[in-house]
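# What the coordinates show
The primary structure of each chain is shown beneath.
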Amino acid sequence: MIFRPAFYRTLLAIFLLTASWGSAAMAEPAKPPALDPAADKLFGNMCEALGSANAFSFHAEVLFEQVLPSAVKVQYAGAMDFSLQRPGELAVNYRSDTGAKELWYGDGKLTLFDPRYDMYATIAVPGTIDAMLDEVAQKQGLTMPLSDLAFSNPCVRPRKIAIYSGYMGVNDVNGVPCDHLAFSSADNDFQIWVQHSGKPVPRKIVINHRTEPGSPEYIAVLSDWKFPAEISATRFQPDLPRDAKRIEFLKVKESKP
Amino acid sequence: MKVRTRFASVAAILIVTGTALVCVPAAQAQWDRQRFNESDRFRRGGDGFDRGNFGHSRFDESRRREPTSTSSSSQTHPNAGKDYQAYTQNKNAEQQARYNEMNTLQENQENTEKQMHNETMNTINNTAGDWGGGSSDSSTGEALGAAALGVVGGMALGSMMNKPQQQSAPPAQNPYAAPPAYYPPPGYGAYPPAGYPAYPPPNYGAYRPPAYAEAPPPGYQPYYNGSQVVYAPAPGAAAPSAASAPGAPSQP
């Protein structure tokens, strides 16, 4: 059998076309992030207001979801009182449908009390809030709710992980007009409602764990914001029941590659 | 004729090869992403204390960790890490099996929802067309159909979504209101997976809330694992076998 030259030319053309199509698709560079400057500016104002404050406190009403192994999503409620004083004091009083926690941080020590178990742990930690939050997250695997707001610059981490952001307009949170901002990271979507008039404090935070089964959400509505010149040191000292039992933290360690 | 047939066969092979070349990177990225997520997806739980963080996580997403010992310098705990690893392995295997089942069920449900959505849209369009005078190509009917869809969509999304529509045009660089051509980004929607489970799920009653947590085995002691209290063997105690280890750390 003899093929004509035209056949080979056509065959070669098809091959080159297909190969170039494939290689072009493989070599396609990553798209640039689509971050909205308006959202970033408003977010920056909020971070400035919180980061520059010597002390603040707020109350939060929380809703959070759990996806059961049967794929049914259930919602629980909680409430939290959060107090912070720079450089190194923090207190969280948290109770929810499924448990409770009290956390005190001051004088270089952190105490975490679980009222349901009547157990607590105390560990030595760094003297500044930023360093403390990073260390306990790394060493003890401990994070506390809405701790993003406690950092001296709350914007740093969200800006680092955001791949999309948008300004959704002036929307309402319990009667307070707020600038509604939306962000997306690789794994989560998070929305923040920043008070439109007066001090730009966050009034509502919604986090959607988009890549987890059932996309569970965490919703916190923040109120009763206070920015006192000073918060009494007693607020940050452990107030434990007499019969509370002391336990230790399990330490987490990086696995070797 | 033979030449043409052979030519067609070779061309088809080349096109299939090219298509595969195009698809492989995306498929690989998706697989990697799923594998990563599956290893890390059940880390939350308990009373919700460790939630509510969007920028700061106890886990660096690019690294995996495993518990090995207590943080107390005054108390060593040689078995805690090993035991916890056994816990985790058992728990992860069980949860992975459940998750696989869930994915299948979810796929079925999504298909059902898609079908229902299509049927609803058809019904609305047909109804709106009738309102417009019954003409099959009535522009009034189309407009009413679009309006009805808007109403239904608003109801489906909740009343909060009505507000932005009433406001002035959003800023120019707002990807949410005016998404760029490549939105959603590649890999954006790992979840929801294809299909949400048919309801009620078969093992609905199998879940036991945390309040029904089993009592810890003898010799176990409580520890904080992150913000949650768990039980692990006391220092010096022998690590239990995988079979005797409880399925999951006890939670209140």
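Residues numbered from 1 in each chain as written. Chains lettered and ligands numbered in written order. Predicted model: local features only at pLDDT ≥ 70, side-chain atom pairs only at ≥ 80, totals over all residues. Heavy atoms only, no water.

### Considering the overall build of chain B
Assigned secondary structure in chain B consists of 4 helices and 3 strands. Relative to its full complement of 252 residues, chain B shows a buried share of 32%. Considering only contacts in chain B between residues 6 or more positions apart, those separated by 24 or more positions represent 62%. Of the roughly 14700 Å² of accessible surface on chain B, a fraction of 57% belongs to carbon and sulfur atoms. (Helix = DSSP H or I, 4+ residues; strand = E, 2+ residues; numbered from the N terminus. Buried < 20%, exposed > 50% of the residue type's maximum accessible area, 1.4 Å probe, protein only. Contact = heavy atoms within 4.5 Å. Areas by Shrake-Rupley, 256 points an atom, 1.4 Å probe, with all protein chains shown as cover.)

### So, the nonpolar core
Residues and elements named next belong to chain A. Counting residues in hydrophobic clusters, the biggest one holds 61 residues, and the most contacted among them are Phe58, Phe82, Leu103, Leu110, Met132, Met144 and Leu146. Element by element, the count of residues in this core is highest for helix 2 (residues 37-51), at 6 residues. Contacts of leucine 110, omitting those with residues within four sequence positions, involve Leu103, Trp104, Tyr105, Ala121, Thr122, Ile123, Val125, Met132, Val136, Leu142 and Met144. The next biggest cluster of nonpolar side chains, apart from the first, holds 8 residues, and it includes Ala91, Phe113, Tyr120 and Phe236. (Core = buried A, V, L, I, M, F, W, Y, C linked by side-chain atoms within 4.5 Å.)

### Some details on the packing of aromatic side chains
In this description, an aromatic ring pair is defined by two values, namely the gap between the centres and the angle between the planes. Residue and element names in this part refer to chain A. Enumeration over the complete set of coordinates arrives at 12 aromatic pairs over all chains. Where phenylalanine 56 meets phenylalanine 227, the ring centres are 5.9 Å apart and the plane angle is 50 degrees; that geometry is what we call tilted. In this pair, phenylalanine 56 is assigned in strand 1 (residues 55-67) and phenylalanine 227 in the loop between strand 11 (217-226) and strand 12 (245-246), connecting sequence segments 171 residues apart. Aromatic pair phenylalanine 183 and phenylalanine 190: ring centres 5.4 Å apart, planes at 15 degrees, arrangement stacked. Phenylalanine 183 gets classed as buried once you look at its relative accessible area, which sits at 5%. Sitting over the ring of phenylalanine 151, arginine 157 keeps its end group 3.8 Å from the ring centre. Here lysine 199 stacks its cationic end above the ring of phenylalanine 227, 4.6 Å away from the centre of that ring. (Phe/Tyr/Trp six-rings, centres within 6.5 Å; stacked < 30°, edge-to-face > 60°. Lys NZ or Arg CZ within 6 Å of the ring centre and 35° of its normal.)

### What to know about the pattern of salt bridges
Applying the stated criterion across every chain yields a total of 9 salt bridges over all chains. Taking the shortest distance from any N to any O, the salt bridge between lysine 226 of chain A and aspartate 224 of chain A comes out at 3.8 Å. For lysine 226 of chain A, a relative accessible area of 45% gives the class partly exposed. Several salt bridges share partner residues, and in doing so they unite Lys101 and Asp114 of chain A together with Asp47 of chain B into one network. (Salt bridge = Lys/Arg side-chain N within 4 Å of Asp/Glu carboxyl O.)

### What to know about unusual backbone geometry
Trans peptide bonds make up the majority, and among non-glycine residues the majority have a negative phi. Residue and element names in this part refer to chain A. Backbone torsion omega between arginine 86 and proline 87 reads 10 degrees, so that peptide bond is classified as cis. Among the secondary structure elements, proline 87 is positioned in the loop between strand 2 (73-85) and strand 3 (89-96). Despite not being glycine, aspartate 107 shows a phi value in the positive range, around 55 degrees. The topology assignment puts aspartate 107 in the loop between strand 4 (99-106) and strand 5 (109-114). Of note, the phi angle at leucine 146 is positive, near 60 degrees, even though the residue is not glycine. For leucine 146, a relative accessible area of 0% translates into the label buried.

### A look at the confidence of the model for chain A
Residues with a pLDDT of 70 or more make up 88% of chain A, whose mean pLDDT is 88. Per-residue pLDDT, averaged within each element of chain A, yields its smallest value for helix 1 (residues 5-26) of chain A (65) and its largest for strand 11 of chain A (97). (pLDDT = per-residue confidence, 0-100.)

### Quick word on the environment of proline 202 of chain A
For proline 202 of chain A, the position within the fold is in strand 10 (residues 202-208). In this structure proline 202 of chain A touches Met46, Leu50, Leu149, Ile192, Trp193, Val194, Leu222 and Trp225 of chain A, once residues within four positions along its chain are discounted.

### Points about the side chain of lysine 204 of chain A
All names here are of chain A. Mapped onto the secondary structure, lysine 204 falls in strand 10. Buried and without a salt bridge, lysine 204 has aspartate 172 as its closest oppositely charged side chain, separated by 8.1 Å. Those residues in contact with lysine 204, other than ones at most four positions away along the chain, are Val173, Gln191, Ile192, Trp193, Ile219, Ala220, Val221 and Leu222. (Lys, Arg positive; Asp, Glu negative; His and termini not counted.)

### Things to note about the pairing of strand 6 (residues 119-124) of chain A
All names here are of chain A. Of all 6 residues that make up strand 6, 5 are buried, and the element is covered over most of its length. As paired strands, strand 5 and strand 6 are joined by 6 bridges and run antiparallel to one another. Looking at strand 6, one finds that threonine 111 is bridged to threonine 122. Hairpin remark: strand 5 followed by strand 6, antiparallel, with 4 residues in the connecting loop; positive phi at aspartate 118, about 60 degrees. Pairing between strand 6 and strand 12: 2 bridges, direction parallel. Across the sheet, the residue bridging to tyrosine 120 is arginine 246, located in strand 12. (Pairing = 2+ DSSP bridges.)

### Looking at the state of the cysteines
Residue and element names in this part refer to chain A. If you walk through the whole model with that rule in mind, you get 1 disulfide over all chains. Across the disulfide, cysteine 47 is cross-linked to cysteine 155 (sulfur-sulfur distance 2.0 Å). Taking the torsion about the S-S bond as the criterion, the cysteine 47 to cysteine 155 disulfide, at about 90 degrees, is right-handed. Here the residue cysteine 47 occupies a position in helix 2, and cysteine 155 occupies one in the loop between helix 3 (129-139) and helix 4 (156-161), the gap between them amounting to 108 residues. For cysteine 47, a relative accessible area of 4% gives the class buried. (Disulfide = S-S within 2.5 Å.)

### Examining the pairing of strand 2 of chain A
A regular strand places its side chains so that they alternate between the two faces of the sheet. Residues and elements named next belong to chain A. In the sheet, strand 1 pairs with strand 2 via 13 bridges, with the strands oriented antiparallel. What sits directly across from alanine 60, in strand 2, is methionine 80. Connecting strand 1 to the antiparallel partner strand 2 that follows it, the hairpin turn spans 5 residues, and alanine 71 within it adopts a positive phi of roughly 75 degrees. Relative to strand 3, strand 2 runs antiparallel, the two sharing 8 bridges. Of the residues in strand 3, the one forming a bridge with methionine 80 is tyrosine 94.

### Side note on the side chain of serine 227 of chain B
You can see serine 227 of chain B is positioned in the loop between strand 2 (220-225) and strand 3 (228-233). Residue serine 227 of chain B is classed as buried on the basis of its relative accessible area of 2%. One polar contact links serine 227 of chain B to glutamine 228 of chain B, side chain to side chain, over a distance of 2.9 Å. Apart from the residues within four sequence positions on either side, serine 227 of chain B is in contact with Lys101, Leu112 and Leu142 of chain A together with Phe49 and Asp50 of chain B. (Polar contact = N/O pair within 3.5 Å; in protein donor to acceptor, adjacent residues only side chain to side chain.)

### Quick look at the sheet that holds strand 6 of chain A
All names here are of chain A. Pairing within the open sheet is mixed, and its 12 strands lie in the order 7-8-9-10-11-1-2-3-4-5-6-12. The outermost strands of the open sheet, each flanked by one partner alone, are strand 7 (164-173) and strand 12. The sheet contact formed by strand 1 and strand 11 spans 7 bridges and is antiparallel. Across the sheet, valine 62 pairs through a bridge with alanine 220, a residue of strand 11. Here helix 2 sits on the sheet in contact with strand 1, strand 7, strand 8 (176-184), strand 9 (189-195), strand 10 and strand 11, set at roughly 110 degrees to strand 8. (Axes fitted to C-alpha atoms, helices over the stretch in contact; angles between N-to-C directions.)

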